[in-house]
Amino acid sequence: MVECVVSSDDVVKGKPSPDCYLAALSQMQLAPHEVMAVEDTEFGLQAAVSAGIKTVAIPTPLSANHDFSKAAGVYENLEDWAASLPQR
């Protein structure tokens, strides 16, 4: 389920600025510690981390050489990430 959509058209500064994440948090009335971001680029990771959001990275072939050292984890694909989550 998608609760809101925020694009670079909705903020003054796009990624790597955290503005898009901060706008989404505001729209959803959530705090950074209540969400997790999934990013595929260094700029996206930088934006989410700057907003205080725990972030995992799933690099693409085009972003494989980006710096994902600030990610909480780096995964090959969404399935690998989902499998790493605690079971409810």
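Up top you'll find the structure we're talking about.
Digging into the sheet that holds strand β1 (residues 36-39)
Item 1. With respect to topology, three strands assemble into an open sheet ordered β1-β2-β3, the strand pairing being parallel. Two strands lie at the open edges of the sheet, namely β1 and β3 (73-74), each paired on one side alone.
Item 2. Relative to strand β2 (residues 54-57), β1 is paired through four bridges, and the arrangement is parallel. Counted as the bridge partner of Ala-37 is Thr-55 from β2.

Section: the nonpolar core
Item 1. Counting eight residues, the largest nonpolar core consists of Cys-20, Tyr-21, Leu-25, Ala-37, Ala-47, Ala-48, Ala-51 and Ile-53.
Item 2. If you list the elements that add at least two residues to this core, you get α1 (19-28) and α2 (42-50).
Item 3. In contact with Leu-25, other than residues within four places in its own chain, are Leu-30, Ala-31, Pro-32, Val-35, Ala-51 and Ile-53.

Some points on the pattern of salt bridges
Item 1. Evaluation of the coordinates by the stated rule reveals one salt bridge.
Item 2. With its nearest N and O atoms 2.9 Å apart, the salt bridge here joins Glu-39 to Lys-15. Note that Glu-39 is positioned in strand β1 and Lys-15 in the segment before α1, a separation of 24 residues in sequence.
Item 3. Judged by its relative accessible area of 6%, Glu-39 is buried.
Item 4. We classify Lys-15 as partly exposed; its relative accessible area is 39%.

A look at unusual backbone geometry
Item 1. Along the chain, Lys-15 connects to Pro-16 via a cis peptide bond; the corresponding omega equals 20°.
Item 2. The residue Pro-16 is located in the segment before α1 in this model.
Item 3. Phi at Gln-29 takes a positive value of approximately 55°, unusual for a residue other than glycine.
Item 4. Here Gln-29 is to be found in the loop between α1 and β1.

Thoughts on the pairing of β1
Item 1. Burial along β1 is one-sided: Ala-37 and Glu-39 are buried, while Met-36 and Val-38, pointing the other way, are not.
Item 2. The parallel pair β1 and β2, bridged by α2, forms a crossover whose chirality is right-handed.

Brief notes about α2
Item 1. Residues of α2 that are buried include every one of Gly-44, Leu-45, Ala-47 and Ala-48, and no others. All buried residues of α2 project into a common sector of 160° when viewed along the axis, lining one side.
Item 2. Two residues or fewer past α2, Gly-52 is found with a positive phi of approximately 85°.

Reading the values: rules and limits
Residues numbered from 1 in each chain as written. Predicted model: local features only at pLDDT ≥ 70, side-chain atom pairs only at ≥ 80, totals over all residues. Heavy atoms only, no water. Pairing = 2+ DSSP bridges. Helix = DSSP H or I, 4+ residues; strand = E, 2+ residues; numbered from the N terminus. Core = buried A, V, L, I, M, F, W, Y, C linked by side-chain atoms within 4.5 Å. Buried < 20%, exposed > 50% of the residue type's maximum accessible area, 1.4 Å probe, protein only. Contact = heavy atoms within 4.5 Å. Salt bridge = Lys/Arg side-chain N within 4 Å of Asp/Glu carboxyl O. Right-handed = clockwise from strand over helix to strand, strands pointing away. Arc of directions from axis to C-beta.

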